[in-house]
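Read off the chains here:
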Amino acid sequence: MREKIDINTWIRKDHFKFFSTFEEPFFGVTVDVDCTSTYQEAKEKEVSFFMLYLHKSLLAANRVEPFSYRIIDGEVWKYGVVHASATINRPNGTFGFGYMDFFEDFEHFRTEALKEIEKVQNTTGLIPSSSGENVIHYSALPWLNFKSMSHARSFSYHDSCPKISFGKVRDENGRKMMSVSIHVNHALMDGYHVAQFVDLYQKLLNQKTHELISG
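Residues numbered from 1 in each chain as written. Predicted model: local features only at pLDDT ≥ 70, side-chain atom pairs only at ≥ 80, totals over all residues. Heavy atoms only, no water.

J.: Before we go on, may I ask you to explain the overall build of the protein chain in this structure?
T.: Across its full length, the protein chain carries five helices and nine strands. Listed by position from the N terminus, the elements making up the protein chain come as β-α-β-α-α-β-β-β-β-α-β-β-β-α. Compactness check: the protein chain gives a C-alpha radius of gyration of 17 Å against a globular reference of 17 Å for 215 residues, within 12% of the reference. By principal-axis analysis of the C-alpha atoms, the protein chain measures approximately 50 × 40 × 35 Å. The 215 residues of the protein chain split such that 50% are buried. If you take every contact in the protein chain between residues at least 6 apart in sequence, the share linking residues at least 24 apart comes to 71%. Of the roughly 11,100 Å² of accessible surface on the protein chain, a fraction of 52% belongs to carbon and sulfur atoms. (Helix = DSSP H or I, 4+ residues; strand = E, 2+ residues; numbered from the N terminus. Rg over C-alpha atoms; globule rule 2.2 N^0.38 Å. Buried < 20%, exposed > 50% of the residue type's maximum accessible area, 1.4 Å probe, protein only. Contact = heavy atoms within 4.5 Å. Areas by Shrake-Rupley, 256 points an atom, 1.4 Å probe, with all protein chains shown as cover.)

What follows is the structure, encoded as structure tokens:
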């Protein structure tokens, strides 16, 4: 489900109109998160660490409202739920785009996501799955401890989906740290909202999966 936002009465009316005129309305930040607890939980549960931290990031995104805003034909819409459009790496060094539905229950999310990962890994195309506007574009670069990131963009396509990328896990003073890059459309949100997401994501990374649904 989605609902249209009345731009004329929206608190971000001026911000939206200002940044919507930009050729590149996206801005991005790169932050470090402490993923020690989630890393340990993945080991204990014998589940994919990627799957676990991806799910927690979707939980955070679905709880910070501006991450559900999208611009469609010049109008702003708010989606009731946002899902993942993620790059899935293949053993041969290529990747494909996969679509993963979001479910608050991790095991439900994991079961469906594993089906999508298997499908992508058994194909050779770039886009074996289709997705709509209510997604976040995810990518993982587990080989790189990056400090910043830019994205390939087609400026003729008016994109408004947030883009979140995860880097290499590294050990620092006994903790597991990971870089996270977050790019968002400035017409829809500001640094304040990105900070809300980062703070909530860190809180969720510190919690066990069974504690998350009540959030």
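After that view of the structure, there is still more to cover.
J.: I'm lost on the environment of Val81 in this one. Help?
T.: Inspection of the secondary structure puts Val81 in the loop between β4 (75–79) and β5 (83–89). Residues Val81 and Ser68 lie 13 residues apart in sequence; the distance between their C-alpha atoms is 6.9 Å. Setting aside residues no more than four positions away along its own chain, Val81 makes contact with Asn62, Phe102 and Asn134.

J.: Teacher, can you tell me more about the sheet that holds β5 here?
T.: Strands pair in a sheet through their backbones, by hydrogen bonds, and they do so in one of two ways: parallel or antiparallel. Reading across the sheet, the six strands line up as β2-β9-β8-β7-β5-β6 and stay open at both edges, with mixed pairing between neighbours. With one partner strand each, in any of the chains shown, β2 (26–34) and β6 (95–100) form the two edges of the open sheet. Averaged over all neighbouring strand pairs, the angle between strand axes comes to 25°, with direction disregarded. Pairing of strand β8 (residues 163–172) with strand β9 (residues 175–185) involves eight bridges; the strand directions are antiparallel. (Pairing = 2+ DSSP bridges. Axes fitted to C-alpha atoms, helices over the stretch in contact; angles between N-to-C directions.)

J.: Looking at this model, I keep getting lost on the pairing of β4. Mind explaining?
T.: Put simply, side chains in a regular strand alternate between the two faces of the sheet. Where strand β1 (residues 2–4) and β4 come together, three bridges link them in antiparallel fashion. Looking at the pairing, Arg2 lines up with Tyr79 of β4. Alignment of strand β3 (residues 69–72) against β4, held across four bridges, turns out to be antiparallel. Each bridged residue has a counterpart across the sheet, and for Tyr69 the counterpart in β4 is Lys78. From the end of β3 to the start of β4, which pair antiparallel, there are two residues, and Asp73 there has a positive phi angle of about 55°.

J.: Help me understand helix α2 (residues 36–45) in this model?
T.: Each α-helix turn comprises 3.6 residues. Residues three or four places apart therefore point the same way. Regarding α2, the residues found buried are Thr36, Thr38, Glu41 and Ala42. Turning to α2, the residues buried within the fold contact β2, α3 (49–63), β9 and α5 (191–205). Following α2 by one or two positions, Glu46 has its phi on the positive side, about 60°.

J.: Please clarify how the sheet that holds β3 should be interpreted in this entry.
T.: Taken in spatial order, the three strands of this open sheet run β1-β4-β3, and their pairing is antiparallel. Whereas interior strands pair on both sides, the edge strands pair on one side only; in this sheet they are β1 and β3. If you compare each strand with its neighbour and ignore which way they point, the axes differ by 35° on average.

J.: Quick question: what am I supposed to make of the side chain of Ser68 here?
T.: By secondary structure assignment, the location of Ser68 is in the loop between α3 and β3. According to the relative accessible area criterion, Ser68 is buried, its value standing at 8%. A distance of 2.6 Å separates a polar side-chain atom of Ser68 from the backbone oxygen of Glu65. Those residues within four positions of Ser68 in sequence are excluded, and the remaining contacts are Trp77, Lys78, Tyr79 and Val82. (Polar contact = N/O pair within 3.5 Å; in protein donor to acceptor, adjacent residues only side chain to side chain.)

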